[in-house]
Amino acid sequence: MTTDPGLNPRQAQAAHHVEGPLVVFAGAGSGKTRVITHRVAHLVGTCGVKPWRILAVTFTNKAAAEMRERLSALVPGAAADLWVGTFHATCARLLRRYHEEAGVRRDFVIYDDTDQKAMVTRLMRELKLDERRFPPKQVAARINRAKQEGLGPTEVEGDDPLSRVSRDVYGHYQVKMDACGALDFGDLIYRVVRGMRDNPELQRALQERFEFVLVDEFQDTNHVQFELVARVCARHHNLCVVGDDDQSIYRWRGADRRNILDFRHHFSDATIVKLEQNYRSTQRILSVANAVVQRNVDREPKRLWTDNEEGTPVTIVSCSDERDEAQVLVKAMGMMLEAGYARNDVALLYRIHAQSRVFEEALRFANLPYRVVGGLRFYDRAEIKDLLAYLRLLQNPDDDVSLLRVINTPPRGIGKTTATRLLEAAARAGTSVWSALAVAADDPSHGPAARKKLGLFRELVAGFMAELEGGAGPATLAQTVLSETGYLEVLQEEDSVEADARLENLKEAVGSMIEFERDSEEGTLSAFLELVTLQTDADRVDDDDAITLMTIHAAKGLEFPVVMVAGLEEQMFPRRGVAEDDDPEELEEERRLAYVAFTRAQERLLLSHAQVRRVYGELRFQTRSRFIDEIPSDEAHFVGQPSTAPATGSYRARQGPPTYTDRGADPAGRDANRFGGHRGGSVAGDSYVDRSEAADHPEGEEIYQGMRVRHRKFGVGSVQSVSEGLPPRVTVLFPGVGNKQILSRFLEPA
DNA sequence: TATGATTCCATTTTT
DNA sequence: TGGAATCATA
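The notes below deal with the structure included here. Along each chain, numbering runs from 1 in the same order as the chain's sequence is written. Lettering of chains starts at A and numbering of ligands starts at 1, both following the order in which they are written. It should be noted that, the model being predicted, local features are given only for residues of pLDDT at least 70 and side-chain atom pairs only at 80 or more, the latter also being counted only at that level, while totals for whole chains, interfaces and linings use all residues. The side-chain numbers reported here are obtained from all heavy atoms of the structure, hydrogens and water having been left aside.

1. Remarks on the overall build of chain A
Working step 1: Across its full length, chain A holds 29 helices and 25 strands.
Working step 2: Counting contacts in chain A only where the partners sit at least 6 residues apart, residues at least 24 apart contribute 74% of the total.
Working step 3: Computed with a 1.4 Å probe, the accessible areas rest on the Shrake-Rupley method; for each residue, only the protein chains presented here act as cover. Looking at chain A as shown, the accessible area adds up to about 32,900 Å², and 50% of this sits on carbon and sulfur atoms. Every helix listed is a DSSP run of H or I at least four residues long, and every strand listed is a run of E at least two residues long, numbered separately from the N terminus. Here a residue-residue contact requires only that any non-hydrogen atoms of the pair lie within 4.5 Å.

2. Comments concerning the protein's contact with DNA strand C
Working step 1: DNA strand C sits among Arg357, Tyr616 and Gly617.
Working step 2: Near the protein, within 4 Å, the atoms of DNA strand C are sugar or phosphate in 46% of cases.
Working step 3: Between DNA strand C and the protein, one listed contact pairs a phosphate oxygen with a side-chain N or O atom of arginine 357 at 3.5 Å.
Working step 4: Glycine 617 places a main-chain nitrogen or oxygen 3.2 Å from a sugar or linking oxygen of DNA strand C. For this purpose, a residue is taken to be near a molecule or strand whenever a single non-hydrogen atom of the residue falls within 4 Å of it. Each polar contact in these results corresponds to two N or O atoms within 3.5 Å; when the atoms are within protein, one needs to be able to donate a hydrogen and the other to accept it, and residues that are neighboring in sequence are counted only if both atoms are side-chain atoms.

3. Digging into the pattern of salt bridges
Working step 1: Whenever Lys or Arg places a side-chain nitrogen within 4 Å of a carboxyl oxygen from Asp or Glu, that contact is recorded as a salt bridge. A complete count under the given rule lists 52 salt bridges for this structure.
Working step 2: One salt bridge in this structure joins aspartate 400 and arginine 122, with 3.0 Å as the shortest N-O distance. Within this pair, whereas aspartate 400 is found in helix α18 (residues 400-406), its partner arginine 122 is found in helix α6 (residues 113-126), the two being separated by 278 residues in sequence.
Working step 3: For arginine 122, a relative accessible area of 9% puts it in the buried group.
Working step 4: Note that aspartate 629 and arginine 624 form a salt bridge whose closest N and O atoms lie 3.0 Å from each other.
Working step 5: For each residue, the accessible area found with a 1.4 Å probe, counting protein chains only, is set against the maximum for its type, and the residue is called buried under 20%, exposed over 50%, and partly exposed in between. Of the residues examined, aspartate 629 reaches a relative accessible area of 5% and is grouped as buried.
Working step 6: Within this structure, Lys32, Asp216, Glu217, Asp220 and Lys556 form a network of salt bridges that share partners.

4. Observations concerning helix α1 (residues 9-16)
What sets the pattern is the α-helix's 3.6 residues per turn: residues three or four places apart point alike.
Working step 1: For α1, every residue scored as buried is listed here: Gln11, Ala12, Ala14, Ala15 and His16.
Working step 2: Tucked inside the fold, the buried residues of α1 contact β1 (22-26), α2 (32-46) and β8 (271-275).
Working step 3: Where α1 begins, the capping side chain belongs to asparagine 8, and its oxygen is found 3.1 Å from the backbone nitrogen of arginine 10.

5. Re the nonpolar core
Working step 1: Nine residue types can take part in a nonpolar core, namely buried Ala, Val, Leu, Ile, Met, Phe, Trp, Tyr and Cys, and a core is a set of them joined through side-chain atoms within 4.5 Å. With 64 residues, the main nonpolar core has Val139, Val169, Leu188, Leu206, Val213, Val215 and Leu239 as its most contacted residues.
Working step 2: Of all the elements, helix α8 (residues 161-180) adds the most residues to this core, at seven residues.
Working step 3: Contacts of valine 169, omitting those with residues within four sequence positions, involve Val120, Leu123, Met124, Leu127, Leu129, Val139 and Ile143.
Working step 4: The next biggest cluster of nonpolar side chains, apart from the first, holds 49 residues, and it includes Leu423, Val461, Met465 and Ala472.

6. Some remarks on the side chain of glutamate 635
Working step 1: With respect to the helices, strands and loops of the structure, glutamate 635 is situated in the loop between α28 (626-629) and β19 (636-640).
Working step 2: Here glutamate 635 is in contact with Arg284, Ser287, Val288, Pro313 and Val314, once residues within four sequence places are set aside.

7. Considering the state of the cysteines
Working step 1: By convention in this document, the label disulfide applies to cysteine sulfur atom pairs within 2.5 Å. Applying the stated criterion across every chain, the model contains zero disulfides.
Working step 2: In this structure cysteine 233 is not part of a disulfide, and its nearest cysteine sulfur, from cysteine 240, lies 10 Å away.
Working step 3: Using a relative accessible area of 2% as the deciding quantity, one classes cysteine 240 as buried.

8. Re the protein's contact with DNA strand B
Working step 1: In the neighbourhood of DNA strand B, 25 residues make up the surrounding shell, with Tyr250, Arg253, Arg351, Thr536 and Thr551 lying closest.
Working step 2: Counting only atoms of DNA strand B within 4 Å of the protein, the sugar-phosphate share comes to 49%.
Working step 3: Aspartate 113 has a polar side-chain atom sitting 3.2 Å from a base oxygen of DNA strand B.
Working step 4: In this structure, a phosphate oxygen belonging to DNA strand B sits 3.3 Å away from a side-chain N or O atom of tyrosine 616.
Working step 5: Ten residue types, Ala, Val, Leu, Ile, Met, Phe, Trp, Tyr, Cys and Pro, are classed as nonpolar, four, Asp, Glu, Lys and Arg, as charged, and the remainder, Gly among them, as polar. Tallied by class, residues from the surface near DNA strand B come to seven nonpolar, eleven polar and seven charged.

9. Quick notes on the packing of aromatic side chains
Working step 1: Centres within 6.5 Å are what make two rings of Phe, Tyr or Trp a pair, Trp counting through its six-membered ring; a difference in plane orientation under 30 degrees is then read as stacked, over 60 as edge-to-face, and the rest as tilted. Under the counting rule described, the total for this entry stands at eight aromatic pairs.
Working step 2: The interplanar angle of 50 degrees and the centroid separation of 6.1 Å between the aromatic rings of phenylalanine 218 and phenylalanine 226 together place this pair among those described as tilted. Phenylalanine 226 matches phenylalanine 218 in its accessibility class, with the two residues each being buried.
Working step 3: With a centroid separation of 6.0 Å and an interplanar angle of 85 degrees, the aromatic rings of phenylalanine 218 and phenylalanine 263 are classed as edge-to-face. Placement of phenylalanine 218 in the loop between β6 (212-215) and α11 (223-233) and of phenylalanine 263 in helix α13 (residues 263-266) is noted, with a sequence separation of 45 residues between them.
Working step 4: Here the aromatic residues Phe218, Phe226, Phe263 and Phe267 are joined through ring pairs into a cluster of three or more.
Working step 5: Look at NZ for Lys and CZ for Arg. If either is within 6 Å of the ring centre and within 35 degrees of the ring normal, a charge sits over the ring. For the cation-ring pair, arginine 96 lies above phenylalanine 108, with the distance from its terminal atom to the ring centre recorded as 3.8 Å.

10. Description of unusual backbone geometry
Working step 1: With an omega of -10 degrees, the peptide bond between threonine 409 and proline 410 qualifies as cis.
Working step 2: By the element assignment, proline 410 lies in the loop between α18 and α19 (416-429).
Working step 3: Cis peptide bonds are those with omega within 30 degrees of zero, and the linkage from phenylalanine 573 to proline 574 qualifies with 10 degrees.
Working step 4: Along the chain, the position of proline 574 falls in the loop between β15 (560-565) and α27 (584-598).
Working step 5: One non-glycine residue with positive phi stands out, namely histidine 237, at about 60 degrees.
Working step 6: Here histidine 237 lies in the loop between α11 and β7 (239-243).

11. Brief notes about the sheet that holds strand β13 (residues 370-372)
Working step 1: Only when DSSP finds a minimum of two bridges between them are two strands counted as paired. Read across the open sheet, the eight strands follow the order β13-β14-β12-β15-β16-β11-β19-β20; overall the sheet is parallel. Each edge of the sheet is formed by a strand with only one pairing partner; in this case those strands are β13 and β20 (660-661).
Working step 2: Both β19 and β20 contribute to a ladder of two bridges, which runs parallel. Within β20, the residue paired with valine 639 across the bridge is threonine 661.
Working step 3: Helix axes use the C-alpha atoms of the stretch in contact, all axes being lines fitted to C-alpha atoms, and the angles between their N-to-C directions lie in the range 0 to 180 degrees. Lying on the sheet, helix α15 (residues 322-338) is in contact with β11 (314-319), β12 (346-350), β14 (547-551), β15 and β16 (601-610); it crosses β16 at an angle near 160 degrees.
Working step 4: Set on the sheet, helix α16 (residues 356-365) makes contact with β12, β13 and β14; between it and β14 the angle comes to about 170 degrees.

Okay, structure coming up:
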């Protein structure tokens with residue numbers, strides 16, 4: 001057995017495992033990615049496994065890209081041939097390759113959740129079902145749930161009205177989707193699995209193709225995903241799964257932790273490896289995270305430990321209300337920056353998106369650049385979806401959802417009445433809307449004006465299709481579509497800020513298509529469309545120097561030197577819905593969520609709670625979270641007014657209420673120097689006073705282009721540019737670091 | 001067909 | 001409370 005440099009014994013054991021099932025319980029920050037990549041490298045490099053016989057599945061495109069990148073460094077040349085991708089992307093690829101065996105169209109389009117909802121809504125209207133009683137959203141959720149369980153329309157259980165309706169709609173939905181040549185996200189996986197169930201040929205082909213299978217984040221897999229990998233591995237038994245049951249936070253999406261917890265029962269000869277050494281966080285941060293998650297009953301026993309420094313105590317701040325909380329945390333952020341942390345080092349995490357607003361306001365007021373992760377995705381913007389709908393329509397005219405989206409966008413006089421008649425005609429004939437459109441010219445139910453307009457639209461689209469046939473790429477097609485439909489013109493004439501932003505977005509979209517044509521092998525429209533629907537904003541680069549705001553869910557897999565978690569109050573976090581059902585499973589998931597949040601922190605962790613909070617416009621008196629009370633008091637430092645009453649509940653009473661010291665000027669925690677000191681700066685209690693003085697006395701005139709300045713963290717650099725305004729912001733080029741935007745008060749002449 | 005009024009609803013969202 | 005989505009009305 002070779003010894004990989006820099007792998008600890010456990011990591012090496014996992015990395016060098018070759019044959020047979022393997023489960024790796026990888027605690028937060030335990031070097032999981034290293035293990036995975038080294039194992040693949042070992043298989044290819046040492047064992048001589050052909051890279052294209054290895055399948056590695058991740059949950060995000062980002063993780064897939066990262067894995068591929070790291071592998072190309074370890075095993076040059078092989079990385080391109082490996083099957084690395086998300087469940088969805090991998091299945092899409094398989095379905096294209098084996099479309100016949102799996103019984104899907106080769107040129108299928110992929111519907112995202114919005115498209116799916118549009119389809120369900122339309123279907124329910126056609127079926128004359130009461131949308132009030134049975135919200136399409138819920139029905140769609142039922143359909144998705146069924147697919148996650150690997151169940152078809154007839155196999156869905158439940159006798160309540162919603163279940164019946166959902167079952168009914170599900171059946172019709174699949175027929176309709178088929179007619180449209182569309183697959184939703186759930187279908188991608190479900191159809192592969194069904195193909196394998198129904199067609200032994202396909203099953204055998206896939207089993208033979210993949211000699212080694214590796215699944216990351218296995219705690220987040222659902223039932224079909226489990227069935228998929230189990231079937232694929234049934235022949236070679238070389239299934240390696242990696243994950244952490246304590247970080248399972250997607251139960252509500254159908255993820256089942258039993259997949260990893262019971263792995264040893266499903267594969268009785270499985271090797272079990274636990275990675276418990278954490279390389280990320282200080283001892284105190286870990287012990288706080290451990291204290292919270294260890295209260296869970298249903299978990300694989302393990303305890304994360306570290307050789308890292310003890311670190312500063314975790315700071316817990318009590319605030320009067322959510323605005324106060326925002327002010328206090330923003331002030332603390334300022335101190336961290338003064339102590340030498342970069343803005344990119346600091347993250348603010350919260351349980352729900354709605355919490356971000358107050359923080360955004362406070363950050364804007366303090367002039368601190370920030371970025372909010374999540375929210376509206378680029379490809380979800382209306383104008384982008386419009387453009388993509390046109391493009392999808394060209395690829396597959398039977399795609400009803402896309403057709404209906406653009407048939408009157410921009411407005412071309414095809415109103416509701418005409419559209420409804422067209423839909424009815426399609427339903428009567430049992431065809432796609434496009435087919436109905438072809439015969440609409442002879443359909444007497446449309447008036448002469450309507451017929452003419454429908455004909456014009458059909459010709460317009462047919463013209464685009466001819467261009468596609470002629471070999472035009474996505475960028476060219478997009479430009480043609482935007483100009484010939486009058487889409488650009490309408491926006492230009494509107495001449496508003498919003499319209500300009502839309503034009504800008506469309507430009508960016510076309511730009512990305514040009515890039516795609518240049519960089520990708522195929523460069524085809526269908527390849528582009530697939531990429532775009534399976535991609536999220538998480539993949540977009542975020543290299544600007546800013547403080548990061550996001551939900552805890554979005555933070556999974558990331559790490560930051562400084563992490564703040566807001567809103568540690570009962571009902572908020574742990575989150576409880578209006579329906580006061582005490583589901584212990586849900587509480588355990590909240591606890592895992594807290595564990596994920598806390599273990600994002602490398603050096604400093606700050607938690608806050610408010611005593612009063614406005615929720616849906618109503619004032620609510622909050623009790624601090626039980627999670628706070630579960631933290632060992634010698635690991636924490638309490639700041640601010642003590643909370644009203646300690647949380648009550650079934651948990652063990654702590655050793656008496658925590659003692660909060662006066663918050664005063666020190667929300668960042670006393671004695672910041674205790675931590676290592678390599679950050680150089682102190683987070684002195686009075687440092688924010690300097691900041692306010694600095695704001696009163698702008699130092700703009702003292703800083704000039706080309707000047708050499710010193711920053712506590714980045715060292716000496718040269719000023720590239722100075723922006724006007726209060727406070728003045730300076731771009732400085734630090735050798736070896738790059739350009740940084742820095743407030744002038746953090747700089748001194750060098 | 002476009003706008004303003006009204007009503008409804010409200011965790012988390014890897015694809 | 002605030003936003004999105006739907007409805008009513010010119």
